[in-house]
Amino acid sequence: MKKLVYASLICATTALAGCEKFLDKTDPTATRFSEFFNTEEDLRRVVYSSMLDVFSGPGLTAKLPYMEDGKTDNAYSRSEGHHHQLIANGNFNSNTTAFLYYYELHMKHLGRLNVFIANADIPYVEDEAVRAKYKGVLEAIRCWHYFWLVSRWGSVPYYLEPADLGSATQTPKSQEEILADLFPMAENVANNLPPDEYTSDAYMFNRYSLKGIIMRYYLYFGRYEDAARLAKEIMDSKKYSLHASYADLFSYKADKTNKEFIFTMDMASHGNSATNSFQHLAPQYRTGNGQSFVVPLKSLIDTYWTLQGDAIDNSPQHTKEEYELNPKLNRDPRLTASIYMPGDMFATEPINIYDPNNPMYFERPRASRSGYWFRKFVDPADAFRSGGNMHFPYLRYAEVLLTYAEAKIMQNQVDALAKQCINDVRRRAGLDMAHADVTLPKYAAYTQQQWIELIRNERRIELAGEGRRYDDIIRWRIAEKVLNEPALGHTRMVNGEKVTLKIEDRAFRPNNYLWPFHENSLKVEPGLRQNEGY
Amino acid sequence: MKYFILLSSLMLCLLQASAQQKTISGRVADSTGAPIPGATVLVKGTNIGVASGPDGTYEIKVPNDNAILIVTSIGFQDREVSVKGQSIINVRLLQGTRDLSGVVVMGFSTVERRHVASSVAQMDMKQAKTRPIAKLQEAFSGTIPGVTMQQATNLPGSVPGTISIRGISTLQNADPLVIIDGMEMSLTDVDPNQVKSITVLKDAASAAMYGSRGANGVIIVETERGVTGKFKVDLNSWYGISKPIDLPKFVNGADYMRLNNEARIMQGQTPTFTEDSIAKMASGQIPSVNWLDEVIQKNATSSNTTLSVSGGGGVGTFNLMLGYLNENGLNNIEGSQKFSARFNTNINIADKFVLLADFYAHRLQVDRLYANDDGDGLYSLAWRMNASQQVYYPNTGLNIDEHYQLHNNLNPVASINRGGTKNYLHDWSTINLRPKYHITKNLNIEGNVSYLITKSAEKWERRTFKFYDGNGKPVTTWGNAVDATQNVSRSQLTSRLLVNYTGNLRGSKDKIYFTTGAEAMNWTYSNFTEISKASFFGKLNYSFDNRYILEVTARGDGSSKFAPNNRWGFFPSAALAWNASNESFLQPLVKSGAINNLKFRASYGLIGNENVDPYLWEEIVNTWGWTMRMPNPNFSWEKQKQWNVGMELTTLNNRLSLGAEVYKKHSFDLIYDKFPVPPLTGSYYLESAVNIGEVNNKGFEISANWSDKIGDFTYSIGGMLFDNKNEVLKAGYKATDTLIFKDNTDKIWYPGVAIDNYYGYQSNGYFRDQEDVDKTVAKLPNTLPGDIKYIDQNGDGVINNLDRVNLGDPFPHMNYAVNLNLGYKRWDFAVIGQGVGKRTGRLGGMEGYPVLVDGATNALGAPRQYYADNRWTPENQNSRFPRVWNGASTNTYLSDVWLSNASFFRFKMIQLGYTFPKIGTAIRNVRVYVNAQDAITFTKWEGLEPERNGGNGRYPRMAVFSLGLKATFF
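Because the structure is a prediction, the values reported are computed rather than measured. (Residues numbered from 1 in each chain as written. Chains lettered and ligands numbered in written order. Predicted model: local features only at pLDDT ≥ 70, side-chain atom pairs only at ≥ 80, totals over all residues.)

Asks: Got a minute to help me understand the overall build of chain A in this structure?
Replies: Scanning chain A from N- to C-terminus turns up 22 helices and 10 strands. A globule of 534 residues ought to have a C-alpha radius of gyration of about 24 Å, and chain A, at 27 Å, matches this closely. Taking the principal axes of its C-alpha atoms as reference, chain A extends roughly 115 × 55 × 45 Å. Expressed as a percentage of its 534 residues, the buried residues of chain A come to 51%. Across chain A, every contact between residues at least 6 apart in sequence was considered, and the portion connecting residues at least 24 apart equals 67%. (Helix = DSSP H or I, 4+ residues; strand = E, 2+ residues; numbered from the N terminus. Rg over C-alpha atoms; globule rule 2.2 N^0.38 Å. Buried ≥ 20, exposed ≤ 12 C-beta atoms within 10 Å, placed from the backbone. Contact = placed C-beta atoms within 7 Å.)

Structure representation (structure tokens):
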């Protein structure tokens, strides 16, 4: 009997053990962290994917610099899913997915970067300098994320270590606290990076491209002295210069050969996959794939100087209405270089936005509802192919010059170098320097306020469609004004009356300078405090 | 060891079979003693058989003394008699067929209805099989209390809707577990004509036997088997024509243009259409296009034919069932065909040993448009056109064939004609072997090995087609696309061992049923995914003096889907019943017929649910170094505690039967596999699978049925009423937590709301004019007169998330059904009416909004005529709907404006039939019937189809009118 009991006990145990084994099933596709982080190549892939997923993916319609102006008075973004339209027209609240998308995208990459930076010593490398470079680039990307987050939300969690479920819910730090740590850290990272652009991966941060980004944020956060200092340092490095032709920079003529792009989304940044700027920005044309996702608005068109460098409502040559009805009349050449408008030839056909039979008819979903299109980054060579191979600037030398000028103007120290910076940009743009030279006597009496208006407009024109405008209207605190105007398009005379296409009403509330945290983020991170007014 | 003993005893039995022969004689008679000529007498497990003579006598040689005779005759119940040393065996057969309703298939065992203590419902299969149902799910509408089936679609080749038993208690797949002949399958896999019985296990005590997924309820299906001694062929065939019942009526071309202008003018934009072009459209000079008419090119038809060849002899029975279901869509491409074959056999290997060997295979072919391959896409395309848009360019003189106009690059008519075809193929095959060995009369041992394999593939073909614009220039080319692909194949292997004991105790006063067993299941996918489950279970029914019944169930389940150390769940339950009608003090009432049956039941139990994806707990790092989801080592079963109290009463000489149940299901440790985690964890999906949340479902079910006979006229009328209230108790780790859903922001969880709900704004009319807009502080940006005025619940002057409230739930409440059966001589007439007393529906998508809210231009499509008639205009201030708009609008938030009463009453079925008892000698039971499904609906619902919420266009719901024929040959 005893034997039987033992036998059945043994049977039962083996049966249960068998069961346990039978139930032990794990995902065959799963790997562990240690299986993946092996060699130098994995360090490179980590840098690559950290850029690709947030900054350099050709399909990242919410993040591509040339789409970003869809959040501003420069342009209209026709697809809500790209997360620009609602931010521009104000129809958002703390449930709008854009805020979850951006917050999670940047924050989860920070979490991932923290893990990689902490473990950067693990993969095998032949040359320790390689490890130092990749680690530095990862740290630079981490700084960039934080600059961006702080400028959108103000106070955010600030954490530089790998986080588990517990430590991932950090109490946010204030903007000042974070910046006090971030700026010196970023400059330190930059000083340790190689000074020259890499032969193959121009998209990876080097010393000056990171300094350019830091300079930008010094300017955004009103630290003009530091902004001017870094701008000067980049100028003095003599590594970069303005390209001779403004228009060529944004087409295949010079996108890869100029010395102006300091920080570039090159083909290597997305593994040589096709770029989509034509598809995203161009009109639907025959069998081409133009989608008109982001199109310029009247507000931007009217911004362009006259050829003499004056505003159109302050021009001795023509009235404002004349310029409105014929935007090409006597204008800054950058207008033609940047914008397609009705009457222009697109590929081989004149643009006619008022013919319902034409695919460019303004009411068609894939046409421009303003009647204008961007020409920057739209090269007709891409018209009938499925993708392009264009390089895009995250930062170019003209911005450094304009930053120096603006930083000096803001300190009310409009020195010769500041004026020269403006003149360099204007001259290259093709303005009539007989009138537009800011060293001319008519500018001598300019008040600081007049200089501010000039540099702001200059910056808007020069960098139109490159993703700088949203930060500018936020930091200049003018969004309340410019984003409370309806989005308008082409203007023409109908039966003796001036008629302007209207796309939508827009609203910007005084609290909108900071974004709301999404309700989901507030639930997940109980320490977050909702920004004012949401 | 156990197996070895079993196996050897099996061998012994087989050896014994070859003993000496013996002759038996006797007489077959009916219950009055009258002889039955032509009765079949068979020796079980052999080919030996004779027929009784005109005087009912027979003589048969049996191989040995252990033989069992099977005596059968048409119109009588089968009987089995052991030889056991006798040489003269007189057999009396009872008239009529065995009353199936007396036995309940409980999962792994059958129990007499009167000995059941838990909540079990059976479908009236006679009614389900005499009506033309293409898919078995449809049979659940309005037929079983507590079971709802919201029919969402009539799309060929698709599942018509989801069945829910006693409400929803999970965030995961809430489909009930379906067991077909002991195999876990889906209802879609079986033709209604092949089904013998359907049992629904509703409470914990009954479903506990299926611990692993019992929490959603269990549906047990048994398929038809052959009958000994009766060879017959059954034919059941019907042909139906379908008519759409929910087509929207959009405004005509001229009205569309006027409303578009109206919206644009209100929005300060220039009107698009000139008076001149509107006049042209109004006069018909330019035709107004009804796009739905354009894409609905023909009537949808369907047909179903089932042929069943069955019979049996001493060696066993067989039933071969062949089915062909054909559904054609609304154009020449869409449709589906399903071929199925089921071969069920009972093989009497020895007198005590029977093997049930069943084979089933089906092939489902679904034909769809390549351009819109989900079947609904074509209709959503048609919805986003407007009547002023033309299908073709008017005569341009360009001589282009099929000169389609593309609107936003689309043209649904071109999608049909030139968009190509896509064909899906789904193959299922199963083998199901169930050996059963009767050790003694009371004790048997049963094994079950079943194997199911599914395969599916798709292929598509599109030929090159070029589109030109109005000027004859090329605009788009649909390139040649021809290819095929195979999908992941799944195989499911189940093995099970059962021991059943049924016996009488205390001299037949008490009865005991005992079942115990173990089972192992394994799913293997061709992409290396694998799931395993192992279970041990036991069930005891004890009937004390036929008055008190105890039912105890226990099941231990292990599932590979959960984290190690959390894989096993233990699910016990118990039920008690009291057969009051068997008490002596009620005997006078029973004898007089005033009470025929009175039973009270109560049950309580714990069951589990593991219906989730595998590997959710694991740490998974992909090749780019992403941790895909945060691992959770505590991930385990969803659990549910449920009590149930029920009452059954049959009274007035079996004419009136009543049933009532109340229940409460408390589900806890609910699995949310998308529980958000903080982004700084750096994981890819920022999700973790956790056991979180608690939900209560409570409800009642009442049913009543009256049946009687007046001369040749028989009738029965039945009705049922049931409701379920659903309430979240906990939505997170703490009682105060709220849970929001990334993929659906119009829903929230906090204690007190229903598991699915409408979380939105309350409205207070519409802004009257600009002055009203200006003076209202709490409003959304860009508000215009005629827009919805949302209520600022907390009065803080801002309309934001804090102003959203629970606006109700989308579940059907106060479900009721009535059914009526009339018979007069050979005529029969039946009606099933089904209704929902209270449901809040959402006028989602274009059923509500005047434009397609697509997050892009928000300007496509046209308003419904109903919207146009009830829209806000400065002159019509107290309107039902806000102003017409296009583009971005503040009106599209979920608010009570877009909710509407979706209660309804619908004649699910109206049927008239006539039966010819005999045609010639070979054809019997010929029944011809006409049937209308879903033909008449009464509702105040402002959307299109009250059984589903609105959307942006789907394949229409249909009423089906059919003609059927049923006959038995031989």
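Having seen the structure, we can now continue with the description.
Asks: Any chance you could explain the overall build of chain B here in plain terms?
Replies: Looking only at helices and strands, chain B features 12 helices and 51 strands. Relative to the 2.2 N^0.38 estimate, which gives 30 Å for 970 residues, the radius of gyration of chain B is 32 Å and therefore close to what a compact globule would have. Taking the principal axes of the C-alpha coordinates as reference, chain B spans close to 105 × 65 × 65 Å. A burial count over chain B gives 45% of its 970 residues as buried. Residue pairs in contact within chain B that sit at least 24 positions apart in sequence constitute 68% of those at least 6 positions apart.

Asks: Where do I start with the interface of chain B and chain A in this structure?
Replies: One widely used convention gives an interface's size as the accessible area the parts lose upon coming together. Counting residues at the interface gives 62 residues for chain B and 67 residues for chain A. At the level of secondary structure, the elements contributing two or more residues to the side of chain B that touches chain A comprise β25 (474–478), β29 (530–544) and β30 (548–559) of chain B. Taken together, the residues that form the side of chain B that touches chain A break down as 27 nonpolar, 28 polar and 7 charged. (Nonpolar A, V, L, I, M, F, W, Y, C, P; charged D, E, K, R; others polar.)

Asks: I'm lost on helix α9 (residues 207–220) of chain A in this one. Help?
Replies: Three or four residues apart is the spacing at which side chains of an α-helix point the same way, because the helix has 3.6 residues per turn. Taking 1.5 Å of rise per residue, the 14 residues of α9 of chain A would be expected to cover 20 Å, and the 20 Å separating its terminal C-alpha atoms lies within 8% of that figure. After α9 of chain A finishes, the residue glycine 222 of chain A shows a positive phi value of roughly 75°. (Expected span 1.5 Å × (residues − 1).)

Asks: Before we go on, may I ask you to explain the sheet that holds strand β5 (residues 68–72) of chain B in this structure?
Replies: Either a parallel or an antiparallel arrangement is found when strands of a sheet pair, and the pairing is made through backbone hydrogen bonds. Residues and elements named next belong to chain B. With antiparallel pairing, the 4 strands of this open sheet are ordered in space as β3-β2-β5-β6. With partners counted over all chains shown, the strands left at the sheet margins are β3 (49–51) and β6 (79–82), one partner each. Sheet twist, expressed as the mean angle between neighbouring strand axes with direction ignored, is 20°. The pairing of β5 with β6 spans 4 bridges and is classified as antiparallel. (Pairing = 2+ DSSP bridges. Axes fitted to C-alpha atoms, helices over the stretch in contact; angles between N-to-C directions.)

Asks: What's the story with unusual backbone geometry in this structure? I'm lost.
Replies: Negative phi is the rule for most residues except glycine; trans is the rule for most peptide bonds. All names here are of chain B. One non-glycine residue, aspartate 181, lies in the positive phi region at around 50°. Relative to the helices and strands, aspartate 181 resides in the loop between β13 (177–180) and β14 (183–185). Residues other than glycine seldom take positive phi values, yet arginine 506 does so here, at roughly 50°.

Asks: Is there a simple way to explain the sheet that holds strand β1 (residues 22–30) of chain B in this structure?
Replies: Residue and element names in this part refer to chain B. The strand order β4-β1-β7 describes an open sheet built from 3 strands, whose pairing is mixed. Strand pairing shows two members of the sheet lacking a second neighbour, β4 (57–62) and β7 (91–93), which therefore form its edges. With strand direction ignored, the average angle separating the axes of adjacent strands in the sheet is 35°. Pairing of β1 with β4 involves 6 bridges; the strand directions are antiparallel. Considered in β4, the bridge of isoleucine 24 is made with isoleucine 60.

Asks: Can you help me understand the environment of phenylalanine 273 of chain B in this one?
Replies: Here phenylalanine 273 of chain B is to be found in the loop between α4 (253–266) and α5 (275–283). Taking the C-alpha atoms as reference, phenylalanine 273 of chain B lies 48 Å from proline 676 of chain B; in sequence the two are 403 residues apart.

Asks: In this structure, what is going on with the pairing of strand β50 (residues 923–939) of chain B? I would like to understand it.
Replies: Along a regular strand, successive side chains alternate from one face of the sheet to the other. Residues and elements named next belong to chain B. Relative to β50, strand β49 (residues 904–919) runs antiparallel, the two being bridged by 14 bridges. The partner of isoleucine 910 across the bridge, within β50, is alanine 932. From the end of β49 to the start of β50, which pair antiparallel, there are 3 residues, and glycine 920 there has a positive phi angle of about 65°. Across 9 bridges, the pairing between β50 and strand β51 (residues 958–969) is antiparallel.

Asks: Could you clarify how one ought to interpret the pairing of strand β9 (residues 487–494) of chain A in this entry?
Replies: Residue and element names in this part refer to chain A. Bridge count for β9 against strand β10 (residues 497–504) is 6 bridges, and the pairing is antiparallel. Following the sheet pairing, arginine 492 is matched in β10 by valine 499. Once β9 ends, the chain turns through 2 residues before running back antiparallel as β10, passing asparagine 495 with a positive phi of about 50°.

Asks: What am I meant to see in the packing of helix α10 (residues 224–237) of chain A against helix α15 (residues 397–410) of chain A here?
Replies: The packing of two helices is summarised by the inter-axis angle and the distance between the axes. Residue and element names in this part refer to chain A. Contact geometry of α10 with α15 gives a least axis separation of 8 Å together with a crossing angle of 145°. Of the two possible hands of crossing, α10 and α15 adopt the one that is left-handed. Residues Tyr224, Ala227, Ala228, Ala231, Lys232, Ile234 and Met235 of α10 form the contact with α15, whose own contacting residues are Val400, Thr403, Tyr404, Ala407, Lys408 and Met410. Looking at the contact of α10 with α15 residue by residue, the classes come out as 10 nonpolar, 1 polar and 2 charged. (Left-handed = near helix turned anticlockwise from the far one by under 90°.)

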